[in-house]
Amino acid sequence: MTELVERSTRAVSACRACDFIALPDVPLTRELIAHWATGAYGPDCVDPANIIWFPPNLQVEGDDDPAFMSLRSILQSYDVLHKSRTPTDPMAALYVMYLDNRVEETAALFGLRCLGDRDEHSELGSLRQAKGYLHRSLANPDRPSVHGAHLPDFVRGPRGFCCRTASELKEGWDRLKAVDPSIRLVLKPASGSGGQGIVLNATQQDADELIREIDKTEKEYLQKDEHPHACPEETLVEEMVGAPGKPSPTVYMVGSSVAIVADQLLTACGTVNLGNVSPATQVAPSVLRTMGYACSALGRHLGLQGQWGVDFVLDDHNQPVMVDLNMGRPNGSLSYYCWRARQLPPSLHDKDTHLAEPPMLAMAASTFASPEHLRLATFASSLKAVGLLWDAARGDGIILAQHMPGFPSGGTVLAASWMGTDAALLILGKFRDYVDSLKMEAGIAGSAAPTGDARVAADP
């Protein structure tokens, strides 16, 4: 239930008044919609009349795919709502995570086209495991990888291998160590997200434990009369570039065009992503241009059309290295950039915006944890009382994008300011201090940051 609410409500801040959004009908999502429908987040935000509420535990006999059956039910509800609209209303499109042929065909039945790229890609295979494209496959050496994508010479991926079996992981580890015994290595799943499953600066013991775990999985497949290569998961063993606490920019792409470059907010250990701040300020503009040029070349090579992203780190020579590919789904912060695109600086309110190119609103997006029984309306009122809630006339403040009290990473806030990234990070720091004070009042120990301190990691 936690994941369902978190993933679905990511899209709320992106919604304009004309957009439909499907949400699970539970109290937390109802609270969030009430907040966004009445909050001062701009004139073009989500309209409660365009929300399609669906039961979170839809039971349908004869089908073992509740997500797809929920989608069909949602589209039927959409069809009823859509028929009441006028011909002048904007044409609608469906945007789902990991688009496949079945979803596309179903959407067409309701007169909808789909946004994004199909999960099955002619060169990458499944976009869910796009991370594996950074490396050559030990199981299939002829499989395409980023090495054959004709990227600029000054951008590369880390040295490493894609491994599907325990023996391949051992081979990959041994081959990298044989070339350079001092090399630091990383272990991570090809389909992970948000830093899950990543082991930085892995030891031989870490590798041996993972090898035993994969070997156990292989044996379970064999007991089911399945070949171990049928296991869909791949593991990556790659060189560790950079160091925890160093800059790690993310390039957000739409097709082959750069949308925005952001600095990641990482925990002190460097594996968990707490959010990001944009526009990026931690690396030189020339490096940002280099990263954008490489991503555009990769997008053209792969024929991508949807929204995707690339995480970078800098090597010892300050050259950018691609360390992560996120494809097939809208990245977590896309919704927040959609909201930002509709904002105007205070100096341009009620004016003809065609007369000037407005500056970019600096924004830090980060997870946070709030006390379990803190209701959203009460929380928003208290933030407003201390001058922290978003104020468009003032041009800065906190936007409550998500709220899931009581969970370790129980929501997402946007700290925004027209005065630049330092000002946005300062607001984020004040917000964390305020949440910590609420926890102390409630007798709850712990910081508003799930682990580590994003303010230290984000310090330019």
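Please refer to the structure higher up on the page.
In what follows, the accompanying structure is described.

Cut-offs and rules
Residues numbered from 1 in each chain as written. Predicted model: local features only at pLDDT ≥ 70, side-chain atom pairs only at ≥ 80, totals over all residues. Heavy atoms only, no water. Phe/Tyr/Trp six-rings, centres within 6.5 Å; stacked < 30°, edge-to-face > 60°. Helix = DSSP H or I, 4+ residues; strand = E, 2+ residues; numbered from the N terminus. Buried < 20%, exposed > 50% of the residue type's maximum accessible area, 1.4 Å probe, protein only. Axes fitted to C-alpha atoms, helices over the stretch in contact; angles between N-to-C directions. Parallel < 35°, antiparallel > 145°, perpendicular 65-115°, else oblique. Left-handed = near helix turned anticlockwise from the far one by under 90°. Contact = heavy atoms within 4.5 Å. Nonpolar A, V, L, I, M, F, W, Y, C, P; charged D, E, K, R; others polar. Core = buried A, V, L, I, M, F, W, Y, C linked by side-chain atoms within 4.5 Å. Pairing = 2+ DSSP bridges.

1. With respect to the packing of aromatic side chains
Okay, so step 1: One pass over the structure, following the stated rule, counts seven aromatic pairs.
Okay, so step 2: Ring geometry for Phe-368 versus Phe-431: centroids 5.2 Å apart, planes at 80°, classification edge-to-face. Taken as a pair, Phe-368 in the loop between strand S16 (362–367) and helix H9 (376–385) and Phe-431 in helix H10 (residues 421–441) lie far apart in primary sequence, 63 residues in all.
Okay, so step 3: Geometrically, the ring pair formed by Phe-379 and Phe-431 is tilted, given 6.0 Å between the ring centres and 45° between the ring planes. Here Phe-379 is found in helix H9, whereas its partner Phe-431 is found in helix H10, with 52 residues between them in sequence.
Okay, so step 4: When its relative accessible area of 0% is taken as the criterion, Phe-431 is described as buried.

2. Some words on the packing of helix H3 (residues 66–82) against helix H4 (residues 101–109)
Okay, so step 1: Running from N to C, H3 and H4 point in directions that differ by 15°, and their axes come no closer than 11 Å. What the angle tells us is that H3 and H4 run roughly parallel. In this structure, the crossing between H3 and H4 has a hand that is right-handed. On the side of H3, the interface is formed by Phe-68, Leu-71, Arg-72 and Leu-75, while H4 contributes Arg-102, Val-103, Thr-106 and Ala-107.
Okay, so step 2: Its residues placed into classes, the contact of H3 with H4 shows five nonpolar, one polar and two charged.

3. Concerning unusual backbone geometry
Okay, so step 1: Residue Pro-279 is reached from Ser-278 by a cis peptide bond, and omega for that bond is 0°.
Okay, so step 2: For Pro-279, the position within the fold is in the loop between strand S13 (273–278) and helix H7 (285–302).
Okay, so step 3: For Asn-201, which is not glycine, the phi dihedral falls at a positive 50°.
Okay, so step 4: Within the fold, Asn-201 resides in the loop between strand S9 (185–189) and helix H6 (204–223).
Okay, so step 5: Of the residues examined, Asn-201 reaches a relative accessible area of 43% and is grouped as partly exposed.
Okay, so step 6: Not every positive phi belongs to a glycine, and Asn-318 is a case in point at roughly 60°.
Okay, so step 7: Position of Asn-318 among the secondary structure elements: in the loop between strand S14 (307–314) and strand S15 (320–326).

4. Overview of the environment of Phe-154
Okay, so step 1: Relative to the helices and strands, Phe-154 is located in the loop between strand S7 (136–137) and strand S8 (160–163).
Okay, so step 2: Those residues in contact with Phe-154, other than ones at most four positions away along the chain, are Thr-290, Tyr-293, Gln-319 and Pro-320.

5. Details of the packing of H9 against H10
Two numbers describe a pair of packed helices, the interaxial angle and the distance between the axes.
Okay, so step 1: Orientation of H9 relative to H10, taken along the N-to-C sense of each, is 120°, at an axis distance of 12 Å. Overall, the two elements H9 and H10 adopt an arrangement that is oblique. Here H9 runs over H10; the crossing is right-handed. The residues of H10 that touch H9, namely those facing Phe-379, Ser-382 and Leu-383, are Phe-431, Tyr-434, Val-435 and Leu-438.

6. Considerations on the nonpolar core
Okay, so step 1: Core analysis: the largest hydrophobic core is formed by 49 residues, its most contacted members being Trp-36, Tyr-41, Trp-339, Phe-379, Leu-383 and Leu-400.
Okay, so step 2: Among the elements that line this core, the one with the most residues is H10, at seven residues.
Okay, so step 3: Sequence-distant contacts of Tyr-41, defined by excluding residues within four places in its chain, comprise His-35, Trp-36, Trp-339, Gln-343, Leu-389, Trp-390, Ile-398, Ile-399 and Leu-400.
Okay, so step 4: By size, the runner-up hydrophobic cluster in this structure holds 30 residues, among which are Ala-149, Val-261, Leu-288 and Met-291.

7. Points about the pairing of S8
A regular strand places its side chains so that they alternate between the two faces of the sheet.
Okay, so step 1: Here S8 shows no split at all, with Gly-160 and Cys-162 on one side and Phe-161 and Cys-163 on the other all buried.
Okay, so step 2: Summarising the sheet, S8 and strand S10 (residues 235–239) pair through four bridges and their orientation is antiparallel. Within S10, the position partnered with Cys-162 by the bridge is Leu-236.

8. A closer look at the sheet that holds S9
Okay, so step 1: Read from one edge of the open sheet, four strands run S7-S8-S10-S9, paired in mixed fashion. Two strands lie at the open edges of the sheet, namely S7 and S9, each paired on one side alone.
Okay, so step 2: Packing against the sheet, helix H5 (residues 166–179) makes contact with S8, S9 and S10, and its axis sits at approximately 175° to S8.

9. A short note on the pairing of strand S18 (residues 412–417)
Okay, so step 1: Burial analysis of S18 places six of its six residues in the buried class, the great majority of the element.
Okay, so step 2: Here S18 shows a buried face lined by Thr-412, Leu-414 and Ala-416 and a second buried face lined by Val-413, Ala-415 and Ser-417.
Okay, so step 3: In the sheet, S16 pairs with S18 via six bridges, with the strands oriented antiparallel. By the bridge assignment for S18, Ala-365 is matched with Leu-414.
Okay, so step 4: Bridge count for strand S17 (residues 396–400) against S18 is five bridges, and the pairing is antiparallel. When the bridges of S18 are listed, Asp-396 appears paired with Ser-417.

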